Amino acid sequence: MPFISKTERQSDYSSFNSSCPIVIDNGASYFRIGWAGENDPRVIFRNIVQRPRHKTTGETVTVVGDHNPALLKYFDCTRSGPRSAFESNVVYQFEIMEYILDFGFDRLGADQSQIDHPILITECACNPVQSRGKMAELLFESYGVPSIAFGVDAAFSYKYNQKLGICNDTGLAISSGFTTTHVIPFINGEPVYEACCRTNVGGYHVTDYLKQLLSLKYPHHISKLTWERVEELKMEHCYVAADYASEVQVFQRGHMEAEEKTRCWQLPWTPSPAEEPPSEEEIARKAALKEKQSQRLREMAEAKRSSKINELENELKGLEFLLEELKNIEDDEVVLFLASRGYTSKREVESAFAKVTQSLRKAKGEQVPSEEKVDASAAEKYYLIDIPDDELSAEQLKEKRRQVFLKSTTEARQRAKQKRLEEELEKEKEKKLEEQKRLENPERYLEQLRAKYKELLEKLDQRKRLKTNGNHSNGNNNVSGGVGRGERLNAAQRERMRLLTTAAFDRGKGEDTFGQRDEDWQLYKLMSRENDDDDDDKPDQDEAELTRISSRLQEIDPTFFPGSESGASATEAPRFHPLTKEDFQIILGVERFRCPEVLFNPNFIGIDQSGLDEMVGVSLRRLPTWGLGLEDKMTSSILVTGGSCLYPGMAERLEAGIGMIRPCGTPIKVVRATDPIMDAWRGASAYASAMQFPQQTFSRMDYYEKVKQFSYGLTP
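An account of the accompanying structure is given in this report. (Residues numbered from 1 in each chain as written. Predicted model: local features only at pLDDT ≥ 70, side-chain atom pairs only at ≥ 80, totals over all residues. Heavy atoms only, no water.)

Some thoughts on empty space enclosed by the protein
Then, number 1: In total, this model carries 2 cavities of 30 Å³ or more according to the counting rule given.
Then, number 2: Reported here for the largest cavity is a volume of approximately 40 Å³.
Then, number 3: Contributing to the lining of the largest cavity are Ile174, Ser176, Leu612, Val640, Thr641, Ser644, Cys645, Met650 and Leu654.
Then, number 4: Broken down by secondary-structure element, the contributors of at least two residues to the lining of the largest cavity are strand E13 (171-176), strand E19 (638-641) and helix H22 (650-661). (1 Å grid on protein atoms, 1.4 Å probe; cavity = no way out; pocket = protein on both sides within 12 Å on 5 of 7 lines; lining within 4 Å. Points joined across faces, edges and corners; volume = space filled by probe spheres on them. Helix = DSSP H or I, 4+ residues; strand = E, 2+ residues; numbered from the N terminus.)

Structure representation (structure tokens):
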């Protein structure tokens, strides 16, 4: 079975004889295995298993403990997260436990089919018999160990520190582990498990709480807040407050002390490269490239101009040839001749000749005479307009209608041109006047401009709401726009709809006769959009004015943003700024002491159980009354052990908390183990190396006898 781990494999397994026990500290966080009598375990790794698949081959591998992150880029870990064999502090997933033991024995150097060494394995206080039996079955059946012994990790740690003189033979052991915390009384060196107390809160809950707080505080850095990184932050920066309420007030008031207690974690950040001015070579290169592009555009324009000149010259030659031919044509045949060429009169040919000549001069860049000089007089151009219709032939009537249309179009175009010129002059005049006002009083001018912008914006919003909801209620006080089409139409639109309905159903039911009478055309005029009072299709002057004022404000006011004056109806778009070093910083302030506080107040995370100081009082109340002064002896020797007691201020906080629940004058002394993490394994190692250890184990023969008794239904 392939394993992936950065833990090295031991090579001196064969140098230990079969009577040397193997000591295993099976913690919920870390798995430690080594030989009895040694001071440190040989192998330590995380007590988790992960089984990802290879991205290419699809092969499943087993990742145990601390894996190498560089190798995981080849594996898909999205469907297989880290799994533990523990529920709280009790082993219940023995399939995962088998992977853990396989890996531990393999790294210890055991390559035989079975383990020929006695096993001493730690467990939690008051471990269920079923879990202990399953563990014994796994070790006896799968590994063939000769004997097994179980021991409580907190008891091993207390006995080890008792030998070192850290604590007395009568006292309390507070073991705060990964998922649980135990308080175990000791009387004359013997644990009293009937009086022990347990709370399902440990280091896991502190880390998880810190991870939640930082993820809520910095959601854009959630990918950086991995479990391992948050665990490191917890062990490096968290502490236990002597008085939680007072510590919170220090941070709420923003005292200098709070700034001193704040820590900053800088995430990897690379500053944006500074924009350097382009070099002379770069400027010259860009200028040459721009000149090359300009030359290409000029060549294309010259080629297009030459092609247009050739086309105009050919067209002009054709018109000259046509005018020469007209000189040799009789007057009565001119109309037919011109009709065959696509013209109606000789004057039209001459007009076309004049226009082509003017266009050719423009294309060649020559000075073009004014339009008044080129064009003939109005009387010459429109010579048929003043002649009555009864004096004209059919062809002349057709030409007269054409001249009337051309004259009206020309006059309308001239009027529109004159109107545009007048409007441009008026706008230029207003612009100069507005600029003069701005120069006289810039603040007042900006204030007036903002007020006008806000007024127009509110006016347009009100118009949109009326257009959506209609000009009157539909009986349900509906203001969300859920009205019918009829309520959105104004009076003119409703009248046109009525006329359309009348024309469709009341006229011409047998056949389509609409338009044969004069009143039908009057009805058509009423239905046309030209006589409609609806302003929806007309250019909105308010919107144009709003756009103009908005652009003007953007020019003179850098703090202005379109839509920022509309109140709650418009939302301002986020203004992005370049990321700086401060954007990649994780600030740890109140979180430093708020997260470890769950050990004393589990209700912070929704667990209705006792804290560490309250657990001491519960355990003392459960003690049998063996004599006066027993409780004082207990409180005068309190040992804290386990990974969750490493926070600064833990001993002082426990002394203060226990002092609140004990009578005044009670001696209270809280000491920390020499090594809260490794003392459990070292105590077990010293216990397994003692001479009486073989008599205190449960052998394989005893196991099979018990199994045989149960299989035959005998009483054990």
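Now that the structure has been shown, we can carry on.
What to know about the side chain of Ser619
Then, number 1: With respect to the secondary-structure elements, Ser619 resides in helix H20 (residues 612-621).
Then, number 2: Overall, the relative accessible area of 0% leaves Ser619 in the buried class.
Then, number 3: Among all residues touching Ser619, those that are not within four sequence positions of it are Leu172, Val183, Pro185, Ala195, Cys196 and Cys197. (Buried < 20%, exposed > 50% of the residue type's maximum accessible area, 1.4 Å probe, protein only. Contact = heavy atoms within 4.5 Å.)

Considerations on the packing of aromatic side chains
Then, number 1: All told, the structure shown has 17 aromatic pairs when counted by the stated rule.
Then, number 2: Measuring from centroid to centroid gives 5.5 Å for Tyr13 and Trp35, while their planes differ by 45°, and the two rings are tilted. Of this pair, Tyr13 sits in the loop between strand E1 (3-4) and strand E2 (22-26) while Trp35 sits in strand E3 (residues 30-35), and the two are 22 residues apart along the sequence.
Then, number 3: Taking 6.1 Å as the distance between ring centres and 85° as the angle between the ring planes, the aromatic pair formed by Tyr687 and Phe693 counts as edge-to-face. (Phe/Tyr/Trp six-rings, centres within 6.5 Å; stacked < 30°, edge-to-face > 60°.)

Some thoughts on the pattern of salt bridges
For side chains bearing opposite charge, pairing can occur when the charged atoms are close.
Then, number 1: Evaluated as defined, the whole model comprises 30 salt bridges.
Then, number 2: For Arg402, the salt bridge goes to Glu399, with nearest N and O atoms at 2.6 Å. A residue pair is termed a helical-turn pair when its members lie 3 or 4 positions apart in one helix, as Arg402 and Glu399 do in helix H13 (residues 394-440) at 3 residues.
Then, number 3: With relative accessibility at 33%, the residue Arg402 sits in the partly exposed group.
Then, number 4: In this structure, the salt-bridge partner of Arg438 is Glu435, at a minimum N-O distance of 2.6 Å. With Arg438 and Glu435 both in helix H13 and 3 residues apart, the pair spans about one turn of that helix.
Then, number 5: Here the salt bridges share partners, and the residues they tie into one network are Asp40, Asp675, Asp679 and Arg682. (Salt bridge = Lys/Arg side-chain N within 4 Å of Asp/Glu carboxyl O.)

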